[in-house]
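# Survey of secondary and tertiary structure
Next come the chains, spelled out residue by residue.
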Amino acid sequence: MNLNRKGRAALVLALVVVVGMAFRVSWNALRDIAGAVGADETAATLYPFVVDGLMALALIATLVLTDDARTFALRVLGTYTLASLVLNYVHGLVPGLHADGGTVDWTRLADWDPANWALVLLATSLPVGSIYFGSDLVAKVLHHRATPIPSTVANMEESTESVRIRSTADLGESTPAPITAAPLRMPDPVTVEFLKPSVPLKPMPAVAPAPVASIAPRPVPAESARPRRATGRLPAAARTARPKRTPAQLLDEARKVSAGWPDAKVTAEGIRRAVHTSPANARMLRDTLLAERAAITP
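Residues numbered from 1 in each chain as written. Predicted model: local features only at pLDDT ≥ 70, side-chain atom pairs only at ≥ 80, totals over all residues. Heavy atoms only, no water.

### Thoughts on the overall build of the protein chain
Each helix and strand counted, the protein chain has seven helices and zero strands in total. Each helix and strand of the protein chain, placed in order from N terminus to C terminus, yields the pattern α-α-α-α-α-α-α. A sequence separation of at least 24 residues applies to 67% of the contacts in the protein chain between residues at least 6 apart. With the model as given, the accessible surface of the protein chain reaches about 24400 Å², and the carbon-plus-sulfur share is 63%. (Helix = DSSP H or I, 4+ residues; strand = E, 2+ residues; numbered from the N terminus. Contact = heavy atoms within 4.5 Å. Areas by Shrake-Rupley, 256 points an atom, 1.4 Å probe, with all protein chains shown as cover.)

Below you can see the structure in the form of structure tokens.
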């Protein structure tokens, strides 16, 4: 489903409102947790921005980054989400952490000493982690270069482009430049005296010519003219009709060729090459096959 600009703006606005209300609910618990581990009133007020603010930054970095950097941003987002969930859960379990309009004084987060130590370590390490991970995410986003989008592949089935073959007579001929011959100087004539041979030549006997039989004329078929090469655009009536497959036929062929493919291999490019169809049809077939597989999978 394609959303227009107003629809996207409304969706983003609704997301911001939901995230803001969730932050307000979590802010109360994180502020009391910060006061319980020894933070003053100002630090306790800013503590929720440190935890939940880094979660928002990690979410934005996840949308921008790719490959390994995106995986790192997802791990940071998951880690801080889990830490915020644990601290909110502890705040709901311990009644002494609930402040009546003020700041909670320094107190224990759990009765069992190992659990109290682990929770205090978690609550106090989150601000330091926000400095490190937040700086790393911002550096990755600033140094990220977007991957160029490849040009759209021409639709092979719907293309009507044809190549026009021009005859030799239609092609322009360039006039060759005149060639100027350099004058060649001939050598001076030399007078040669004709001398008689010193040895007399032996006379040769006369040979009578052999009689030659006359050849009767016979009819010879006229040579056929060389066929001329076809020129110009081929008429539409002489073209071979190209069969067009229906969507149902394309779907049957796609099901046959992708029967043994895993879900990761069911892509629009793979279906286009296997079925020999257009990119638009390949994307439609990919969505249909993935929907069928999702419906079959329990």
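### Focus on the pattern of salt bridges
Per the counting criterion, the structure on display carries eight salt bridges. With its nearest N and O atoms 2.8 Å apart, the salt bridge here joins Asp 263 to Arg 293. With Asp 263 in the loop between α5 (247-257) and α6 (268-275) and Arg 293 in helix α7 (residues 279-296), this residue pair connects regions lying 30 residues apart in the sequence. A residue is classified by how much of its surface remains accessible, and Asp 263, at 49% relative accessible area, is partly exposed. Two residues, Glu 269 and Arg 272, come together in a salt bridge whose shortest N-O distance is 2.7 Å. On the criterion of helical spacing, the pair formed by Glu 269 and Arg 272 is a turn pair, its members being three residues apart in helix α6. (Salt bridge = Lys/Arg side-chain N within 4 Å of Asp/Glu carboxyl O. Buried < 20%, exposed > 50% of the residue type's maximum accessible area, 1.4 Å probe, protein only.)

### Some remarks on the packing of α5 against α7
It is the contact of α5 with α7, at a shortest axis distance of 10 Å, that shows an interaxial angle of 60 degrees. Put simply, α5 runs oblique to α7. As for how α5 packs across α7, the hand of that crossing is right-handed. Contacts between α5 and α7 involve Leu 250, Leu 251, Ala 254 and Arg 255 on the former and, on the latter, Asn 281, Leu 285, Thr 288, Leu 289 and Glu 292. Across the contact of α5 with α7, the residue classes break down as five nonpolar, two polar and two charged. (Axes fitted to C-alpha atoms, helices over the stretch in contact; angles between N-to-C directions. Parallel < 35°, antiparallel > 145°, perpendicular 65-115°, else oblique. Left-handed = near helix turned anticlockwise from the far one by under 90°. Nonpolar A, V, L, I, M, F, W, Y, C, P; charged D, E, K, R; others polar.)

### Brief notes about a nonpolar patch on the surface
A cluster of nonpolar residues, Leu 13, Val 17, Val 18 and Met 21, forms a patch on the protein surface that exposes about 380 Å² of accessible area. If you trace the backbone, Leu 13 turns up in helix α1 (residues 5-36). (Patch = residues over 30% accessible without salt bridge, like charges linked within 9 Å, V, L, I, M, F, W, Y side chains within 5 Å.)

### Examining the packing of aromatic side chains
Taken as a whole and assessed by the stated rule, the structure comprises two aromatic pairs. On the basis of an interplanar angle of 50 degrees and a centroid distance of 6.1 Å, the ring pair of Phe 72 and Phe 133 is categorised as tilted. With Phe 72 in helix α3 (residues 67-93) and Phe 133 in helix α4 (residues 113-142), the pair connects residues that are 61 residues apart, well separated along the chain. Judged by relative accessible area, Phe 133 falls into the partly exposed class, the value being 26%. (Phe/Tyr/Trp six-rings, centres within 6.5 Å; stacked < 30°, edge-to-face > 60°.)

### Considering the confidence of the model for the protein chain
The predicted model of the protein chain averages 75 in pLDDT, with 63% of residues at 70 or higher. When mean pLDDT is compared element by element in the protein chain, α3 scores highest at 88, while α1 scores lowest at 80. (pLDDT = per-residue confidence, 0-100.)

### Notes on the nonpolar core
Counting 26 residues, the largest nonpolar core has Tyr 47, Tyr 80, Leu 87 and Leu 126 as its most contacted members. Those elements that place two or more of their residues in this core are α1, α2 (41-64), α3 and α4. Broken down by element, the residue count for this core peaks at eight residues, all from α3. With residues near it in sequence (within four places) discarded, Leu 87 still touches Leu 30, Ile 33, Tyr 47, Leu 122, Ala 123 and Leu 126. (Core = buried A, V, L, I, M, F, W, Y, C linked by side-chain atoms within 4.5 Å.)

### Considering α6
If you check which residues of α6 are buried, you get Ala 268, Ile 271, Arg 272 and Val 275. Taken down its axis, α6 places every buried residue within 100 degrees of arc, on the same side. Here the buried face of α6 lies against α5 and α7. At the exit of α6 stands His 276, carrying a positive phi of roughly 60 degrees. (Arc of directions from axis to C-beta.)

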